[in-house]
Amino acid sequence: MLLCAAGETNLQALKYARASSIDEAIELLREGGPAARVLAGGTDVIVAARERRLDVDLFVDVKHVPETAELSFDATDGLTVGAALPCYRIYGDDDVRTHYPALVEAISVIGGTVVQGRASLGGNLCNSSPAADSIPAMIVLDASANIVGPSGERSVPVDEFCTGPGQNVLGAGEFVISIQFPAPSSASGAAWQRFTPRNEMDIAVANAATSLQFVGGAVASARIAIGAVGPRPLLVEPAAAALAGGPLTVDSIAAAAAASRAAATPIDDMRGSIKQRRHLAGLLTERTIRDAAARAGVTAPEAPGTSEVRR
Ligand SMILES: Cc1cc2nc3c(=O)[nH]c(=O)nc-3n(C[C@H](O)[C@H](O)[C@H](O)COP(=O)(O)OP(=O)(O)OC[C@H]3O[C@@H](n4cnc5c(N)ncnc54)[C@H](O)[C@@H]3O)c2cc1C
């Protein structure tokens, strides 16, 4: 464990502790109490502390806990991503690129190259921003967060993890050690997209992801999630229900897009209006359905006269 304090007059005095095991991290968080914060890449939490938006007294750095730096893929058990592993390590992995392209799409636009050198999947999840780019991708890929804390271990599906803006299911002293993704099934595909006026260094006006599995040309199962259009990233079950059980048709895709528009409860802000965000929730749903189908080897039908809008 390494402990140090910085106390210059115009800066906030903070303690820093580096945990090298799960038990040590749990103990440090227990000792630090409510003003102890988990530190991974620091791209959210250091900014928030500097701007005094967070009451932080102690950073507990979990990057050196071996389980938070794991990255492993198995064709049966799926993918385990350590919670503190930076984005570039994840999207640079051949297995992730081959089997989880929707995750790669989402995390390779977080911030920019410099941010991706530090920003982690666990940090994106635990920061629990409604606009977090990785969360809709994790939701449709049916990922679960492996959580440890004073009462032991538990696993929570990512679609149940966030409870509101900046809020989640983590209890006192708990932290995420890894995120578990099931192995992709055969004839399946997933895709993620976002809309933002700038390519880098801005968060989403809206984002969406879809995963589809086909059996005999029909959609056997679907998952659709939307983000930045409500208080938390949302699994839209009615959108998935509009697709499941039959082949993709122009009408079923339009019904799924309409379900996403109906599920969206966006706010107006400087990035976009309520009307625009609702529209985007539907549009990105439709586009990710088409991309997910293509990845599963299925061509989604186009409505007659449809012209592709520039992405
Ligand atoms: C310039 C810039 C651009 C950005 N652009 C985007 C963007 O395009 N899309 C986007 O989604 N985000 C963006 N972000 C936000 C940020 O980079 C991401 O949310 C990032 O993934 C956070 O990861 P981190 O490792 O830096 O988390 P940290 O800042 O270390 O932590 C974030 C929060 O999660 C908690 N935490 C971290 N790890 C754990 C854990 N294992 N268990 C429990 N709690 C934990 C921390 O206590 C803190 O509350 C941007 C940030 C910056 C500075």
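Bear in mind the structure is a predicted one, so any value in this text is a computation, not a measurement.

Rules used in this analysis
- Residues numbered from 1 in each chain as written.
- Predicted model: local features only at pLDDT ≥ 70, side-chain atom pairs only at ≥ 80, totals over all residues.
- Pairing = 2+ DSSP bridges.
- Helix = DSSP H or I, 4+ residues; strand = E, 2+ residues; numbered from the N terminus.
- Axes fitted to C-alpha atoms, helices over the stretch in contact; angles between N-to-C directions.
- Near = placed C-beta within 6 Å.
- Domains from an automatic or database assignment.
- Buried ≥ 20, exposed ≤ 12 C-beta atoms within 10 Å, placed from the backbone.
- Contact = placed C-beta atoms within 7 Å.
- Nonpolar A, V, L, I, M, F, W, Y, C, P; charged D, E, K, R; others polar.
- Left-handed = near helix turned anticlockwise from the far one by under 90°.

## Topic: the sheet that holds strand β5 (residues 71–74)
Next, step 1: Taken together, five strands build an open sheet; the order of strands is β5-β6-β11-β7-β8 and the sheet is antiparallel. Each having just a single partner strand, β5 and β8 (152–157) make up the two edges of the open sheet. Averaged over neighbouring strand pairs, the angle between their axes works out to 20 degrees when direction is ignored.
Next, step 2: With four bridges joining them, β5 and strand β6 (residues 78–82) adopt antiparallel strand pairing. Bridging across to β6, Asp74 finds its partner in Gly78.

## Considering the site of the ligand
Next, step 1: Within the structure, the ligand sits among 32 residues, and Ala40, Gly41, Gly111, Gly123 and Asn124 are positioned closest to it.
Next, step 2: Those elements that place two or more of their residues in the shell around the ligand are β3 (36–39), α2 (45–50), α7 (121–127) and β11 (175–181).
Next, step 3: At five residues, the largest contribution of residues to the shell around the ligand is made by α7.
Next, step 4: Each of domain 1 (3–61) and domain 2 (67–181) accounts for three or more of the residues forming the shell around the ligand.

## Thoughts on the pairing of strand β12 (residues 188–195)
Next, step 1: Within β12, seven of the eight residues are buried, which leaves it mostly tucked inside the rest of the structure.
Next, step 2: Pairing analysis gives eight bridges linking β12 to strand β13 (residues 206–215), with the strands arranged antiparallel. From the neighbouring strand, Ser188 faces β13, where its bridge partner is Gln213.

## So, the domain arrangement of the protein chain
Next, step 1: Looking at the assigned domains, one finds that the protein chain contains domain 1 (3–61), domain 2 (67–181) and domain 3 (188–295).
Next, step 2: A separation of 21 Å is found between the C-alpha centroids of domain 1 and domain 2.
Next, step 3: Facing eleven residues of domain 1, the contacting portion of domain 2 comprises 18 residues.
Next, step 4: The element that contributes the greatest number of residues to the side of domain 1 that touches domain 2 is helix α1 (residues 22–32), accounting for five residues.
Next, step 5: Here the side of domain 1 that touches domain 2 is built from residues that sort into six nonpolar, three polar and two charged.

## Concerning the pairing of strand β14 (residues 218–227)
Next, step 1: Extensive coverage of β14 is indicated by the burial of seven of its ten residues.
Next, step 2: Between β13 and β14, which pair antiparallel one after the other, the connecting turn spans two residues, and Gly216 there sits at a positive phi close to 55 degrees.
Next, step 3: In this structure, the hairpin formed by β14 and strand β15 (residues 234–235) is closed by a connection of six residues, where Ala228 is found at a positive phi of approximately 65 degrees.

## Regarding unusual backbone geometry
Most peptide bonds take the trans configuration, and most residues that are not glycine carry a negative phi.
Next, step 1: A positive phi angle, near 55 degrees, is found at Ser128, a position not held by glycine.
Next, step 2: Residue Ala187 is not a glycine yet carries a positive backbone phi of 50 degrees.
Next, step 3: Along the polypeptide, Ala187 turns up in the loop between β11 and β12.
Next, step 4: On the basis of neighbour count, Ala187 is assigned to the partly exposed category, with 15 C-beta atoms found within 10 Å.

## Let's talk about the packing of helix α10 (residues 250–263) against helix α11 (residues 274–295)
How two helices sit against one another is set out by the angle between their axes and by the gap between those axes.
Next, step 1: α11 packs onto α10 with a crossing angle of 145 degrees between their chain directions and a minimal axis gap of 8 Å. Every pair of crossing elements has a handedness; the one defined by α10 and α11 is right-handed. On α11, the residues touching Ile253, Ala256, Ala257, Ala258, Ser260 and Arg261 of α10 are Arg278, Ala281, Gly282, Thr285, Glu286 and Ile289.
Next, step 2: When its residues are assigned to classes, the contact of α10 with α11 shows six nonpolar, three polar and three charged.

## Comments concerning the sheet that holds β15
Next, step 1: Strand order in the open sheet formed by four strands is β12-β13-β14-β15, and the pairing between neighbours is antiparallel. Lying at the two open borders of the sheet, with one neighbouring strand each, are β12 and β15.
Next, step 2: Taken strand by strand, α10 contacts β13, β14 and β15, and its axis lies near 30 degrees from that of β14.
Next, step 3: Across the sheet, α11 is in contact with β12, β13 and β14; its angle to β13 comes to roughly 35 degrees.

## Looking at the environment of Ala83
Next, step 1: Within the secondary structure, Ala83 sits in the loop between β6 and α3 (87–91).
Next, step 2: C-alpha of Ala83 to C-alpha of Asn124: the two residues are 41 residues apart in sequence and 9.3 Å apart in space.
Next, step 3: Setting aside residues up to four positions removed in sequence, Ala83 forms contacts with Ala40, Thr68, Ser120, Leu121, Gly122, Val176, Ile177, Ser178 and Ile179.

## With respect to the environment of Pro238
Next, step 1: Structurally, the position occupied by Pro238 is in helix α9 (residues 237–243).
Next, step 2: The exposure class of Pro238 is partly exposed, given the 14 C-beta atoms found within 10 Å.
Next, step 3: Residues Pro238 and Arg277, spaced 39 residues apart in sequence, show a C-alpha to C-alpha distance of 18 Å.
Next, step 4: Not counting the four nearest positions on each side in its chain, Pro238 is found in contact with Ala259 and Ala263.

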